[in-house]
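# Secondary and tertiary structure notes
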Amino acid sequence: NNASALQMLARAYADSGQNAKAAEINKGLVQTSGTDKASRINLAINYRDTKELDKAADIIADLRAQKQMNEERDYMVALNIYTAMKNREKDTIGMVEEGFASGALKPTANLYNILAEAYYYSDVDNNIKKAIESWSKAAPMAKNGAAYLNLSIVQCQEEMWAACKESAKAAIAKGGINEKDAKT
């Protein structure tokens, strides 16, 4: 069918770095299909790749309002867009929490780290407490001690001295960090 051929052409353009051409094709597909989620997600990706983040975020917001965010890929595309933007921490938090609640996203160190950073930089109530909770979940799952180090830094900022010391020790034990950072 013609739509499939156009999607393959758009993908080929995107894969060869011609994101503007891919976006043009996907925009036409979205205009033709209207509600086809795959075309809209692909267009959001094209907009992200052409640094038109506001347009990409608008598509995600529309899909979210229509309750069409239901697959891991949908959430990961949204997170990739929101984390590349300034002042979108609340959207990032909402996407991770919705993804966890729906089961579309499985808890991972990376997702808890994204959630922790979004909370840390947001102005939501109890943001630092929620950041600490998220880094506390990320740290044991992480491949290295970076999440423990972030946790330690925030605990020190909050004058949680005993917890700060324990997290710093855990960061050093897990490795993959500059030990000087954990000892200061």
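Residues numbered from 1 in each chain as written. Predicted model: local features only at pLDDT ≥ 70, side-chain atom pairs only at ≥ 80, totals over all residues. Heavy atoms only, no water.

Turning next to the packing of aromatic side chains. The full count for this structure, using the stated rule, is three aromatic pairs. With a centroid separation of 5.2 Å and an interplanar angle of 55°, the aromatic rings of phenylalanine 100 and tyrosine 112 are classed as tilted. Taken together, the residues phenylalanine 100 in helix H6 (residues 89–102) and tyrosine 112 in helix H7 (residues 109–121) connect sequence positions 12 residues apart. On the basis of relative accessible area, tyrosine 112 is assigned to the buried category, the value being 11%. Between tyrosine 120 and tyrosine 121, the aromatic rings sit 4.9 Å apart at their centres with planes inclined by 85°, giving edge-to-face as the arrangement. Here tyrosine 121 falls in the exposed class, since its relative accessible area comes to 58%. (Phe/Tyr/Trp six-rings, centres within 6.5 Å; stacked < 30°, edge-to-face > 60°. Helix = DSSP H or I, 4+ residues; strand = E, 2+ residues; numbered from the N terminus. Buried < 20%, exposed > 50% of the residue type's maximum accessible area, 1.4 Å probe, protein only.)

Enumeration over the complete set of coordinates arrives at one disulfide. Cysteine 156 shares a disulfide with cysteine 164; S-S distance 1.8 Å. Classification of cysteine 164 as buried rests on a relative accessible area of 7%. (Disulfide = S-S within 2.5 Å.)

To continue, consider the side chain of arginine 48. Assignment of secondary structure puts arginine 48 in helix H3 (residues 37–49). At a separation of 2.8 Å, a polar atom in the side chain of arginine 48 contacts the side chain of aspartate 49. In this view, arginine 48 contacts Leu53, Ala56, Asn80 and Ile81; residues no more than four positions away in its chain are not counted. (Polar contact = N/O pair within 3.5 Å; in protein donor to acceptor, adjacent residues only side chain to side chain. Contact = heavy atoms within 4.5 Å.)

A few words on the environment of glutamine 66. Mapped onto the elements of the fold, glutamine 66 is located in the loop between helix H4 (53–65) and helix H5 (72–83). Spatially, the C-alpha atom of glutamine 66 lies 27 Å from that of alanine 116, the residues being 50 residues apart in sequence.

On to the layout of surface pockets, then. In this approach a probe as big as a water molecule rolls over the atoms, and the regions it shows empty are the leftover space. Roughly 240 Å³ of internal volume is contained in the largest pocket. What lines the largest pocket is a set of 14 residues, and nearest its centre among them are Arg11, Ala14, Asn42, Ile45 and Arg73. When residues of the lining of the largest pocket are traced back to their parent elements, those giving at least two are helix H1 (2–15), helix H2 (19–33) and H3. Split into classes, the residues belonging to the lining of the largest pocket amount to four nonpolar, five polar and five charged. (1 Å grid on protein atoms, 1.4 Å probe; cavity = no way out; pocket = protein on both sides within 12 Å on 5 of 7 lines; lining within 4 Å. Points joined across faces, edges and corners; volume = space filled by probe spheres on them. Nonpolar A, V, L, I, M, F, W, Y, C, P; charged D, E, K, R; others polar.)

Bringing the pattern of salt bridges into the picture now. Using the criterion set out here, one finds 12 salt bridges in the structure. Across the salt bridge formed by aspartate 74 and lysine 37, the nearest N and O atoms sit 2.7 Å from each other. Here lysine 37 lies in helix H3 and aspartate 74 lies in helix H5, a separation of 37 residues in the sequence. Each of the two residues, aspartate 74 as well as lysine 37, counts as buried. One salt bridge connects arginine 88 with aspartate 91, and the closest N-O pair in it is separated by 2.6 Å. Since its relative accessible area comes to 21%, aspartate 91 is described here as partly exposed. (Salt bridge = Lys/Arg side-chain N within 4 Å of Asp/Glu carboxyl O.)

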